[in-house]
Amino acid sequence: MQLTLWTYEGPPHIGAMRVATAMRDLHYVLHAPQGDTYADLLFTMIERRDRRPPVTYTTFQARDLGGDTAELFKTAAREAYERFRPTAMIVGASCTAELIQDDPGGLARTLGLPIPVVALELPAYQKKENWGAAETFYRLVRGLAGGAPVVPPRAAGRAPTCNILGPTALGFRHRDDVAEISALLRKMGIEVSIVAPLGASPADLVKLGEADFNVVLYPEIALPAAQWLERKFGRPYTRTVPIGRLATAEFVAEVAALAGVDPALGQGGDAARSEWYAKSVDSGYLTGKRVFVFGDATHAIAAARIAAEEIGFDVVGLGTYSREFARETRAAAQRYGIEALITDDYLDVEAAIAAAQPELVLGTQMERHIAKRLGVPCAVISAPVHVQDFPARYSPQMGHEGANVLFDTWIHPLMMGLEEHLLAMFREDFEFNDRAAPSHLGAKAAPTESAAKLVASAVPPQTATSDAILAWASEAELELKKIPFFVRGKARRNCETYARERGVRLITVETLYDAKAHFSR
């Protein structure tokens with residue numbers, strides 16, 4: 001049922017496809033019914049790749065279920081090898097094909113193909129996309145590098161080396177993050193041996209154990225493989241994800257300790273402009289603005305820290321759809337005195353945003369739609385994303401330049417929101433009316449009536465009582481919209497507090513001004 005609505009993650013075989021599409025000389029044979037090839041559109045239309053994913057589907061139909069679907073799989077695997085000549089192959093089943101239990105791994109072994117074949121068991125009804133990507137990468141690393149010899153420690157005088165693990169196809173700014181962090185590591189005198197899965201071949205995975213340590217950029221994807229490499233080859237991995245100015249400095253210190261180099265080599269210098277901007281007069285008025293954060297665990301936790309510690313926002317909501325990292329997200333939320341929201345239901349997220357009444361939302365493309373309905377500025381920080389979040393320009397989220405990009409991306413929606421308010425204030429002036437200078441948000445910038453009702457009815461759990469359900473008169477809502485957006489949330493909360501304390505059920509214009517007078521004393 002949820003697939004008929006919005007979903008944050010696809011089934012696990014989509015995660016496997018992200019790994020296969022990111023790599024070279026690897027082919028994925030997917031036992032799937034006709035119609036599951038829709039996944040190709042994610043890469044060709046959303047990410048705008050210039051070629052189809054390296055995936056062969058068996059595309060069995062309903063009439064085939066009465067026959068030998070296992071033979072269909074073997075034929076597809078054999079023909080895929082003959083046509084594409086990959087150096088390794090992964091095989092598995094989609095969520096529908098999982099029900100017929102044909103065992104793609106066992107069937108592939110009977111073919112005697114002259115290449116490594118890694119079987120994937122991805123329980124589609126218990127797990128989702130990110131887990132599928134992590135499991136696929138782990139199985140590939142273990143299957144291909146498992147027989148490699150343990151390399152002795154680095155000899156004196158040799159430059160330190162590392163691998164970068166985690167970036168995949170369809171990842172949020174993965175391409176640019178890899179470029180930014182690779183440049184930072186080279187600046188510190190550290191050689192990047194292999195980036196995987198993105199751009200790696202099966203032959204590269206065999207040599208992962210030769211590097212001195214591993215840099216984990218995306219724990220949702222790379223953590224299981226990095227932990228296995230540490231157990232197998234004794235190669236440590238980084239725990240810090242370099243998103244934000246403070247985290248990047250900590251990442252540099254951690255990498256310097258692992259590589260035995262001077263951490264001063266990785267300082268941002270003039271490149272880290274976000275720190276200066278955060279202290280400037282232009283951004284000072286944004287201090288204390290309420291922000292709601294939701295996304296994958298890595299980006300959400302990092303974004304909350306940047307918002308609170310680097311820009312001076314007040315984090316009023318933090319959540320993730322990554323249930324595997326629920327513990328880490330809850331621990332992060334405790335630092336801001338809030339309870340983490342762990343859910344993959346966008347309706348729960350919408351209700352939480354409406355109740356928190358933030359002045360900025362940092363989330364996925366789902367939250368962008370939610371924020372638009374509620375009339376709140378939003379910046380996208382995490383997958384799932386749309387085509388506009390795969391820009392042609394260089395736009396990393398990590399490292400020193402990533403900190404600059406994040407600052408610009410988050411501050412601009414608030415700045416443009418202020419401009420929107422000024423346009424509304426001077427709407428009757430001939431220079432500012434809609435015909436002469438139309439708003440960048442379009443004619444429907446203000447919250448819709450349904451969105452206003454949703455905000456009005458969403459009372460935070462800690463203050464809601466059965467006899468204190470509040471409603472806003474339409475005239476009061478219109479008057480509230482005249483208040484600048486950056487203090488409108490506070491005005492609404494004060495007014496509702498005032499009304500609730502006095503047993504007022506319907507907030508009118510008079511209630512609004514009475515509350516203003518009360519809190520102005």
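The rules behind each value
Residues numbered from 1 in each chain as written. Predicted model: local features only at pLDDT ≥ 70, side-chain atom pairs only at ≥ 80, totals over all residues. Heavy atoms only, no water. Axes fitted to C-alpha atoms, helices over the stretch in contact; angles between N-to-C directions. Helix = DSSP H or I, 4+ residues; strand = E, 2+ residues; numbered from the N terminus. Parallel < 35°, antiparallel > 145°, perpendicular 65-115°, else oblique. Left-handed = near helix turned anticlockwise from the far one by under 90°. Contact = heavy atoms within 4.5 Å. Core = buried A, V, L, I, M, F, W, Y, C linked by side-chain atoms within 4.5 Å. Buried < 20%, exposed > 50% of the residue type's maximum accessible area, 1.4 Å probe, protein only. Polar contact = N/O pair within 3.5 Å; in protein donor to acceptor, adjacent residues only side chain to side chain. Pairing = 2+ DSSP bridges.

> What am I meant to see in the packing of helix 5 (residues 129-145) against helix 8 (residues 219-233) here?
Helix packing for two helices is described by the angle between their axes and how far apart those axes are. With their axes 6 Å apart at the nearest point, helix 5 and helix 8 run at an angle of 25° to one another. Relative to helix 8, the element helix 5 is oriented roughly parallel. Judged by the sense of rotation from one axis to the other, the crossing of helix 5 with helix 8 is right-handed. From helix 5, Asn130, Ala133, Ala134, Phe137, Tyr138, Val141, Arg142 and Ala145 reach across to helix 8, where they touch Glu220, Ile221, Ala222, Pro224, Ala225, Trp228, Leu229 and Phe233.

> Teacher, can you tell me more about the nonpolar core here?
Counting 119 residues, the largest nonpolar core has Tyr28, Leu140, Leu205, Phe313, Leu362 and Trp410 as the members making the most contacts within it. Discounting chain neighbours no more than four positions away, the residues touching leucine 362 are Val291, Phe292, Val293, Phe294, Ala303, Ala379, Ile381 and Trp410. If you look at the next biggest cluster of nonpolar residues, it comprises 13 residues, including Val29, Ala70, Phe73 and Tyr81.

> Is there a simple way to think about the side chain of threonine 136 in this case?
Assignment of secondary structure puts threonine 136 in helix 5. Here the side chain of threonine 136 touches glycine 132 through a polar contact of 2.7 Å, landing on its backbone oxygen. When neighbours within four sequence positions are excluded, threonine 136 is seen to be in contact with Ala16, Val19, Ile90, Leu120 and Leu122.

> Looking at this model, I keep getting lost on the sheet that holds strand 10 (residues 341-342). Mind explaining?
Where strands meet in a sheet, backbone hydrogen bonds hold them as pairs that are either parallel or antiparallel. Pairing within the open sheet is parallel, and its five strands lie in the order 10-9-8-11-12. Two strands close off the open sheet at either side, each with one partner strand: strand 10 and strand 12 (378-380). Note: strand 11 (residues 360-363) against strand 12, three bridges, orientation parallel. Residue pairing across strands places glycine 363 opposite valine 380, the latter belonging to strand 12. Across the face of the sheet, helix 13 (residues 326-334) comes into contact with strand 9 (314-320) and strand 10 while running at roughly 170° to strand 9. Each of strand 8 (290-295), strand 9, strand 10 and strand 11 touches helix 14 (residues 346-356); the most contacted strand, strand 8, lies at about 170° to it.

> Honestly, the environment of leucine 406 in this entry has me stumped. Any pointers?
Here leucine 406 lies in helix 16 (residues 399-425). Classification of leucine 406 as buried rests on a relative accessible area of 4%. Residues leucine 406 and isoleucine 306, 100 residues apart in the sequence, show an inter-C-alpha distance of 9.1 Å. Those residues in contact with leucine 406 that lie beyond four places of it in its chain are Ile243, Gly244, Ile306 and Gln397.

> Help me understand the pairing of strand 3 (residues 88-93), please; the structure alone is not making it clear to me.
Looking along a regular strand, one sees side chains alternate from face to face of the sheet. Across the six residues that make up strand 3, a large majority, six, are buried. With burial as the criterion, each face of strand 3 is covered, one bearing Ala88, Ile90 and Gly92 and the other bearing Met89, Val91 and Ala93. Taken together, the six bridges between strand 1 (residues 26-31) and strand 3 define a ladder with parallel strand orientation. Bridged to histidine 31 within strand 3 is alanine 93. Two strands pair when backbone bridges link them, and strand 3 and strand 4 (residues 117-119) are joined in this way by three bridges, in the parallel orientation. Its bridge partner being in strand 4, methionine 89 is matched across the sheet by valine 117.

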